[in-house]
Amino acid sequence: MNYKYCYKLISFILFLLMVSSSGFSETIKLELSEKKYGTSNVPVELIFPEKPIKKPVPLIILQHGSTRDSGKISNGIVQTDVQMKNLSKASLNNGFAVAIIDAFYKKNLKANQKNKQPDAQVYAKQIASYFSKNTKLDPNNFFYAGFSYGGRAAVMLMNDLEFGNSKKWAGVVSLEPPCNMFYKPRNFETPLLVIKGGESHYEPKPCKTMIDLYSSAGADANLKIFPKSNHFFSHNGKIVKGVAFNGCGDNPVIISKNNNFNFLDGSVANPKNIRKKCFTKTSGSGKTREDLKLVIDASISFFKSKLN
């Protein structure tokens, strides 16, 4: 049996099932700027739903994690992960348009090269600004969601919530972020939902700290934990060797508005002690994903509840 051929065939069938809920799909290559890679081509798959929840259509921009394990979703260009592929399908079924970003396109990045990953939140703002000019889309109802690396981008996005002509995100969903670094709490104008696995190698503790601080400052910020889930919302999780930004959960890094870095206890944070305290040689495995559907359902419920 040619397993490589079978895998490609299955991926293609799954993509056809996804786009069957859509009225239109287009791969768009955008020239985006970011400090690590300068200006580069970033492909985005824009898919409209067959039955929009409203018109103009609300848009959910989706960012993959460190491993794009769902395969290519369109024309052999855009790749994403299983979490974002499932969320895109559910979003389309519920009448939202989706824009699926491939932030690693032609960057030859491996999952463990954390320091070489582009700042996905920088891409997100530029993509939102670009799509805000599309009259078929409603820039007052732009949402952002990401998993792991993309989840971290979602948390980092909270620093500057404007795009285009002073538009603001209608809501942000962060799936399994490493909350070991976040911006100083304030009354953010955009709602934030963080979803964590209780057994993740990125422990929920710093996310709880962050959400409690944000909520105390008046922000609409919530944390949902699936107690039996690992990083991939699976019940068969194991801790394995790898690289993760998960070592300072008891004392996370707080970034001020003027980009000063301090640990939660007030001590100064710099690149050297952040690397020493926050990076570990751990990772997570196990992809049975028992709780993934519940995670997707919680995300869709959040998007619907925050529509303007």
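As a reminder, the structure under discussion sits directly above these lines.
From a predicted model like this one, the values you see are computed outputs, not experimental measurements. (Residues numbered from 1 in each chain as written. Predicted model: local features only at pLDDT ≥ 70, side-chain atom pairs only at ≥ 80, totals over all residues. Heavy atoms only, no water.)

**Q** Which parts of the structure should I look at to understand the state of the cysteines?
**A** In a disulfide, the sulfur atoms of two cysteines are covalently bonded to one another. Summed over all chains, the structure comprises 2 disulfides. Covalently, C179 is tied to C207 through a disulfide, its sulfur atoms 2.0 Å apart. Taking the sign of the torsion about the S-S bond as the criterion, the disulfide between C179 and C207, at about 85 degrees, is right-handed. Taken together, the residues C179 in the loop between strand 10 (171-175) and strand 11 (181-183) and C207 in helix 5 (residues 205-216) connect sequence positions 28 residues apart. When sorted by exposure, C179 lands in the same class as C207, which is buried. A disulfide bridge connects C248 with C278, and the sulfur atoms are separated by 2.2 Å. (Disulfide = S-S within 2.5 Å. Helix = DSSP H or I, 4+ residues; strand = E, 2+ residues; numbered from the N terminus. Buried < 20%, exposed > 50% of the residue type's maximum accessible area, 1.4 Å probe, protein only.)

**Q** Quick question: what am I supposed to make of the nonpolar core here?
**A** As a rule of thumb, nonpolar side chains are buried together in soluble globular proteins. Ranked by internal contacts, the top residues of the largest apolar core, which has 58 residues, are F131, Y144 and W169. Ranked by the residues each element gives to this core, the list is headed by helix 3 (residues 120-131), at 6 residues. The contacts of F131, once residues within four sequence positions are left out, are I28, V44, L46, L59, A99, L137 and F142. Ranked by size, the runner-up nonpolar core spans 33 residues in total, among them I77, M84, L193 and A298. (Core = buried A, V, L, I, M, F, W, Y, C linked by side-chain atoms within 4.5 Å. Contact = heavy atoms within 4.5 Å.)

**Q** What is the right way to read the sheet that holds strand 17 (residues 261-263) from this model?
**A** In sheet architecture, strand pairing relies on hydrogen bonds along the backbone and comes in two forms, parallel and antiparallel. With mixed pairing, 3 strands are arranged side by side in an open sheet as 11-16-17. Strands with a single pairing partner mark the edges of an open sheet, and in this sheet they are strand 11 and strand 17. Strand-to-strand, the axes of this sheet are offset by a mean angle of 30 degrees, without reference to chain direction. Sheet topology places strand 11 next to strand 16 (residues 253-255); 3 bridges connect them, and they run parallel. Residue F182 lies in a different strand from strand 16, and its bridge partner there is I254. With respect to the sheet, helix 4 (residues 149-156) is in contact with strand 11 and strand 16, its orientation differing from that of strand 11 by roughly 30 degrees. (Pairing = 2+ DSSP bridges. Axes fitted to C-alpha atoms, helices over the stretch in contact; angles between N-to-C directions.)

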